[in-house]
Amino acid sequence: HTARSAMQNLAKLSAFFADTRTRRSLVSGTALSITTLAVGYINDVLTSPSVRKELLSMNTFPNLTIVIPAKNESRLLPTLLASLCRQDYGLMKSTKVFLADAGSTDGTQGLAMSFAGRLNIEVIPGGLPSVGRNAGARRASTPYVLFIDADMELKDSTLLRRAMELAERRKLHCVTTNIWCSQGSTRDQVLYFANNIAQYGSFLVKPFSTGMFMLFEKATFERLGGFHEQALYAEDYLLSKKVQSRKFGIVSGCIHTTNRRFRSMGHLKIVSMFLKTMLNSWNDNYFLHDHGYWRQKV
């Protein structure tokens, strides 16, 4: 209601000043003082979060498509989808969300479609994450595509909007964010902290982003060939490392995940695989071999 009233007042002010410009009888000093006050008021209105969101929602053409690869994610997927519903991104209602399902047998598809009244969601055939992500990207007709894992949660309601603003303002090709495991053990949190440090350090070498949260400019995504569908490990890094460092960004804040990767594989195994990934940054063939990641991941 406040946003609508502000918009109505803004429209009245605009009409008023359109009319006063034709009235030459105003004393210049008085006109200047009135105009200055009104411009200040308009600026206050435009910087109001509620009005900014309403102005953005007037643009019905979406700029973003979201792709979620999934298989048997009925336990965690609702948390992600509910957090997307809470985002203050003005075009969220019209943003297409593709769930690329790899043959789930636990009701994942039905749970996804239960959000159809709140999200513009559609289930499509998937496979390994690289296959599912590419399938969603092919269906996207928007300038940007966000790839996000099914076990994520966007606790910060501003994260998606700020990621889009950063990408558009700086004309970035790829944007990620920090990863946090708030419900995990101290070891879990230390390892995710190290992951975040590695992301910042990757500016100096080859940009490192995980598929947990990877916002891509679609034209660049297509030019780079998308995700390597024969890659059996770290297909996300295989793609992000092709991005120019000056076109890579990390939006402040974080996205939350669980510690199931550590529970299913063990901390030492994850650390070992991470270090080997860094050491093989220039050896793409390394990622085409099965390192047991998908066999062990739950």
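Note that the structure is a prediction, hence the values are computed from the model and not measured.

Trainee: Describe in detail the overall build of the protein, supporting the description with residues and values.
Mentor: Scanning the protein from N- to C-terminus turns up 13 helices and seven strands. Expressed as a percentage of its 298 residues, the buried residues of the protein come to 48%. Taking the intrachain contacts of the protein between residues at least 6 apart in sequence as the baseline, contacts between residues at least 24 apart amount to 81%. Carbon together with sulfur atoms contributes 58% to the accessible area of the protein, which is approximately 14,600 Å² in total.

Trainee: Describe the pattern of salt bridges, with residues and values.
Mentor: Within the structure shown, the criterion is met by 11 salt bridges. Salt-bridge contacts for Glu-235 lead to Arg-133; the nearest nitrogen and oxygen are separated by 2.6 Å. Placement of the pair is Glu-235 in helix 10 (residues 235–240) and Arg-133 in helix 6 (residues 129–139), with a sequence separation of 102 residues. Residue Arg-133 is classed as buried on the basis of its relative accessible area, which comes to 2%.

Trainee: Report on the nonpolar core, specifying residues and quantitative values.
Mentor: Ranked by size, the top nonpolar core spans 49 residues in total, and within it Ile-66, Ile-68 and Ile-148 carry the most contacts. Ranked by residues supplied to this core, first place goes to helix 7 (residues 159–170) with six residues. For Ile-68, the residues in contact, after removing those within four places along its chain, are Leu-77, Leu-80, Leu-81, Leu-84, Val-97, Phe-98, Leu-99, Ala-100, Ile-148, Asp-149 and Ala-150. With 15 residues, the next largest nonpolar core counts Val-145, Cys-174, Leu-224 and Ile-250 among its residues.

Trainee: An account of helix 6 is needed here, citing residue identities and associated values.
Mentor: Of all 11 residues that make up helix 6, eight are buried, and the element is covered over most of its length. Where helix 6 is concerned, the buried positions are Pro-129, Ser-130, Gly-132, Arg-133, Asn-134, Ala-135, Gly-136 and Ala-137.

Trainee: Describe helix 4 (residues 77–85), listing the residues and the values that go with them.
Mentor: Within helix 4 the residues assigned to the buried category are Leu-77, Leu-80, Leu-81, Ala-82, Ser-83 and Leu-84. Contacts from the buried residues of helix 4 go to strand 1 (64–70), strand 2 (96–101), helix 5 (108–113), strand 3 (120–125) and strand 4 (144–148).

Trainee: So what's going on with the packing of aromatic side chains? Residues and values would help.
Mentor: Any aromatic ring pair is given by two values, namely how distant the centres are and how the planes are angled relative to each other. For the structure shown, the criterion picks out six aromatic pairs. Between Phe-147 and Phe-227, the aromatic rings sit 5.0 Å apart at their centres with planes inclined by 90°, giving edge-to-face as the arrangement. Linking Phe-147 in strand 4 with Phe-227 in the loop between helix 9 (218–223) and helix 10, this pair joins segments that are 80 residues apart in sequence. Phe-147 sits in the buried class, given a relative accessible area of 0%. Using a relative accessible area of 2% as the deciding quantity, one classes Phe-227 as buried. Consider the rings of Phe-208 and Tyr-237, whose centres lie 5.8 Å apart with planes at 75°: the pair is edge-to-face. Within this pair, whereas Phe-208 is found in the loop between helix 8 (186–201) and strand 6 (213–217), its partner Tyr-237 is found in helix 10, the two being separated by 29 residues in sequence. The exposure classification of Phe-208 matches that of Tyr-237, with both residues buried. Through a chain of ring-to-ring contacts, the aromatic side chains of Phe-147, Phe-216, Phe-221 and Phe-227 assemble into a single cluster. Here the basic side chain of Arg-133 rests over the ring of Phe-227, its NZ or CZ set 5.1 Å away from the ring centre.

Trainee: Got a sec to walk through the environment of Ile-68? Specific residues and values, please.
Mentor: When you line up the elements, Ile-68 lands in strand 1. Sequence separation of Ile-68 and Asp-149 is 81 residues, and the distance between their C-alpha atoms is 5.7 Å.

Trainee: Which residues make up the sheet that holds strand 5 (residues 174–180), and what values do they have?
Mentor: The seven strands lie next to each other as 3-2-1-4-6-5-7, forming an open sheet whose pairing is mixed. Looking at strand neighbours, the two that pair on one side only are strand 3 and strand 7 (248–256), the edges of this open sheet. The sheet shows a mean angle of 20° between the axes of neighbouring strands, direction not considered. Summarising the sheet, strand 5 and strand 7 pair through seven bridges and their orientation is parallel. The residue bridging Cys-174 from the neighbouring strand is Phe-248, located in strand 7.

Trainee: Describe the environment of Thr-95, and please don't skip the residues or the numbers.
Mentor: Considering the arrangement of structural elements, one finds Thr-95 in the loop between helix 4 and strand 2. Distance from Thr-95 to Leu-119, taken between C-alpha atoms, is 7.6 Å for residues 24 residues apart in sequence. Dropping the residues within four chain positions of it, Thr-95 is found in contact with Leu-64, Thr-65, Ile-66, Tyr-89 and Asn-120.

Trainee: So what's going on with the side chain of Ser-130? Which residues, and what values?
Mentor: One can find Ser-130 in helix 6. Not counting chain neighbours up to four residues away, the residues in contact with Ser-130 comprise Phe-227, His-228, Glu-229 and Glu-235.

What counts and what doesn't
- Each chain has its residues counted from 1, running along the sequence as written.
- Given that the model is predicted, a residue must reach a pLDDT of at least 70 before its local features are reported, and side-chain atom pairs must reach 80 or more before they are shown or counted; all residues, however, enter totals for whole chains, interfaces and linings.
- Side-chain metrics in this entry use all non-hydrogen atoms of the structure; hydrogen atoms and water are not considered.
- Think of it this way: any DSSP run of H or I at least four residues long counts as a helix, any run of E at least two long counts as a strand, and we number them from the N terminus.
- When a residue's accessible area, from a 1.4 Å probe over protein chains only, is under 20% of the maximum for its type it is buried; when over 50% it is exposed; and in between it is partly exposed.
- We call two residues in contact whenever any of their non-hydrogen atoms come within 4.5 Å of each other.
- In these tables, accessible area is a Shrake-Rupley quantity obtained with a 1.4 Å probe, and a residue counts as shielded only by the protein chains included in the view.
- One side-chain nitrogen of Lys or Arg within 4 Å of one carboxyl oxygen of Asp or Glu is enough to make a salt bridge.
- The criterion is simple. A nonpolar core is a set of buried Ala, Val, Leu, Ile, Met, Phe, Trp, Tyr and Cys residues joined through side-chain atoms within 4.5 Å.
- Only Phe, Tyr and Trp rings are paired, with Trp represented by its six-membered ring, and only when their centres lie within 6.5 Å; those with planes under 30 degrees apart are stacked, over 60 edge-to-face, the remainder tilted.
- Both a distance and an angle decide whether a charge sits over a ring: NZ of Lys or CZ of Arg must be within 6 Å of the ring centre and within 35 degrees of the ring normal.
- Think of it this way: DSSP has to see at least two bridges between two strands before they count as a pair.
- Fitted lines through C-alpha atoms serve as axes, helices being fitted only where they are in contact, and the angles separating the N-to-C directions of these axes extend from 0 to 180 degrees.

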